[in-house]
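Observations on the model geometry
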Amino acid sequence: MSTQLSVHHLSKSYDHRLVLDQVDCAFPPGRISGLIGENGSGKSTLLRLLAGVERPDDGSVTLVADGGFGFLAQENPLPLDLDVAAVADHALADLRALEARLRELEHSLAEGNLSVLTEYGEVQHAFEAREGYDADARLAKAMHGLGLSDLPGDRRLAELSGGELARLHLAAVLAASPEVLLLDEPTNHLDLSATVWLEDHLRSRSGTTVVVSHDRAFLERVASTLFEVDGDTHRITRYGNGYAGYLAEKAAERARAEQTRQLWEDEVATMKATVRTTADRVAYGRPMKDNNKVAYDRATGRVNEAERSKIRNAKERLRRLEADPPPVPAKPLHFTASLRTAGAAAGVLVEAVEVAVEGRLRPMSLEVPAGGRLLITGANGAGKSTLLDVLAGRLAPDRGQVERRGRLGYLAQEVTEARPDETLRTALARHRGAAGLGLFRQDQLQTRVGALSTGQRRRLALARLLTSQYDGMLLDEPTNHLSLVLVEELEAALDDYPGALVVVTHDRRFISRWRGEIHTIEEGSLVSH
């Protein structure tokens, strides 16, 4: 099969908000490509444009796939009154149509109508190329791998949980075995075993796959090429050699930026020194030779003119340098802890005793020692975020009590802003040093806080934590919504943080690197590992 999947000068806006700007990229055929970037950067938009669900404002999409294409969106529009079997039939509709036509042509041939022989060969080739005979077996295998083996075919979609519905759509799309497969956050709602099964399945595919994901462990295992969608510049950058290559190239980009800035600073210093020293180095006061005043004055004039020319050239070069300075590279993220609150430097920082919230959190107890490191995992809806809200004092428990003995910083999963109409510059100004963290470009500082993307709001919340001192921090899914390179820096900063940490996360890479206690909420109880 000859596959082409590319975009040329692609642009897309929503309500005059630019999302993609003159984007050019081609996805390697027969390989798995990862689309990465902060939430709101345009990843899902690009995937919808590739799938033809939306049309670009400018530019074009090229999709050539004789074996068809499949698209898994984060939100599937199928009516909830359908049953499970109907979802599979919808995903396999192309194969079902090919098979039906094949049977019609076989019937015609059996009646002696040889004029359909050419079409029969073409349809049969297309059906076999997509392994149509194995479609039902693939569906059963996908349902098993994604933990849906016991799901009855007559179960209505309205009766399924959100996680079951997402896994069902994924299984159906995979079973169709399209030549081009477009997946938007396929690991959402998957447990570890289902995620590993999906990784193995995608790696065994022969077709072209483009997957939007923020799961670093997933990308590390499956993606040979990464395309980063920059929500600030609205452009796309390609990185080869998988996730490791992406990190290496990002480190090289940072080193180049630091070198460029250092060379600029060195040249500025040189030009300033040239202007200063040359102005002082004049011919006046040199001893006269041969008592020849005319020659002496003439030589002195030539020297002074040369010096003045040198000063003019240095000033002009300095003016140009200072008019276009390279950006100051951001320093690595770094958290500080106060550890000055009475009772916080030693002993217990937070103590929760049998706290419960009706319908959201069963009674549980948790103790956070000063300097302690606790990581909390568990299935969606287990109560992890509710527990953090209670520990932070954002939510009063219906029963039990919480005692806090220090200053706590809190990064909630959903960031809300109390002053949405103020500019980003004003919001950052209330936190000394926040504007210099390199989390935002200068041309973004006049943006209204309420107009920031999800990823940008997350960066603003992170800036507040970085420029404040707390005895401990409560972080709910801290790696969500951020660019992957920023996530790597965030991990390193947290690793060096001397205060207490309580982190809720599903991030497998984060968990694998965690140095501290790990607790899981299982069936309403907090289980220590």
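The structure under discussion appears in the preceding block.
Residues numbered from 1 in each chain as written. Predicted model: local features only at pLDDT ≥ 70, side-chain atom pairs only at ≥ 80, totals over all residues. Heavy atoms only, no water.

This part takes up the overall build of the protein chain. On a plain count of helices and strands, the protein chain comes out with 15 helices and 18 strands. In terms of C-alpha radius of gyration, the protein chain reaches 31 Å, well past the compact-globule figure of 24 Å for 529 residues. Along the longest, intermediate and shortest principal axes, the C-alpha atoms of the protein chain span 125 × 75 × 40 Å. In the protein chain, once contacts between residues fewer than 6 apart in sequence are set aside, the share between residues at least 24 apart is 70%. Of the accessible surface of the protein chain, which amounts to about 26600 Å², a share of 49% is contributed by carbon and sulfur atoms. Charge-centre separation for the protein chain: the mean point of 65 positive side chains lies 12 Å from the mean point of 76 negative side chains. (Helix = DSSP H or I, 4+ residues; strand = E, 2+ residues; numbered from the N terminus. Rg over C-alpha atoms; globule rule 2.2 N^0.38 Å. Contact = heavy atoms within 4.5 Å. Areas by Shrake-Rupley, 256 points an atom, 1.4 Å probe, with all protein chains shown as cover. Lys, Arg positive; Asp, Glu negative; His and termini not counted. Charge placed at Lys NZ, Arg CZ, Asp CG, Glu CD.)

Another aspect to go through is the side chain of Asp 507. Relative to the assigned elements, Asp 507 resides in the loop between strand 16 (500-504) and helix 15 (508-513). Of the residues examined, Asp 507 reaches a relative accessible area of 9% and is grouped as buried. Ignoring any residue separated from it by four or fewer positions in sequence, one finds Asp 507 in contact with Arg 216 and Thr 479. (Buried < 20%, exposed > 50% of the residue type's maximum accessible area, 1.4 Å probe, protein only.)

Ordered by their spatial adjacency, six strands build an open sheet running 14-15-16-12-17-18, and the pairing between neighbours is mixed. Each of the sheet's edge strands pairs with one partner strand only, and the pair in question is strand 14 (408-411) and strand 18 (525-528). Each strand of the sheet is rotated relative to its neighbour by a mean of 20°, with strand direction disregarded. Examined bridge by bridge, strand 12 (residues 373-378) and strand 16 share four bridges and lie parallel to one another. Of the residues in strand 16, the one forming a bridge with Leu 375 is Val 503. (Pairing = 2+ DSSP bridges. Axes fitted to C-alpha atoms, helices over the stretch in contact; angles between N-to-C directions.)

What follows covers the nonpolar core. If you look at the biggest cluster of nonpolar residues, it comprises 50 residues, and the most contacted ones within it are Met 143, Leu 168, Leu 170, Leu 183, Leu 198, Leu 202 and Leu 226. For this core, the element with the most residues is helix 6 (residues 162-175), which contributes eight residues. When near neighbours in sequence (up to four residues on either side) are disregarded, Leu 198 contacts Leu 170, Leu 174, Pro 186, Thr 187, Leu 190 and Phe 218. (Core = buried A, V, L, I, M, F, W, Y, C linked by side-chain atoms within 4.5 Å.)

This next bit is on the pattern of salt bridges. A full pass over the atoms with the stated rule returns 42 salt bridges. A salt bridge links Arg 101 to Glu 119; its shortest N-O distance comes to 2.9 Å. With Arg 101 in helix 3 (residues 93-110) and Glu 119 in helix 4 (residues 117-129), this residue pair connects regions lying 18 residues apart in the sequence. Among the residues examined, Arg 101 registers a relative accessible area of 31% and is labelled partly exposed. Under the relative-accessibility criterion, Glu 119 is labelled partly exposed at 30%. (Salt bridge = Lys/Arg side-chain N within 4 Å of Asp/Glu carboxyl O.)

It is worth spelling out the packing of aromatic side chains at this point. Evaluated as defined, the whole model comprises six aromatic pairs. Taken together, a centroid distance of 4.8 Å and an interplanar angle of 85° make the contact between Phe 127 and Tyr 133 edge-to-face. Look at Phe 127 and you get buried, because its relative accessible area is 0%. Centre to centre, the rings of Tyr 239 and Tyr 246 are 5.0 Å apart; their planes meet at 90°, and the pair counts as edge-to-face. Neither Tyr 239 nor Tyr 246 differs from the other in exposure class; each is buried. Every member of this aromatic cluster is reached through a ring pair, and the members are Tyr 239, Tyr 243 and Tyr 246. (Phe/Tyr/Trp six-rings, centres within 6.5 Å; stacked < 30°, edge-to-face > 60°.)

Shape descriptors only; they carry no functional weight alone.
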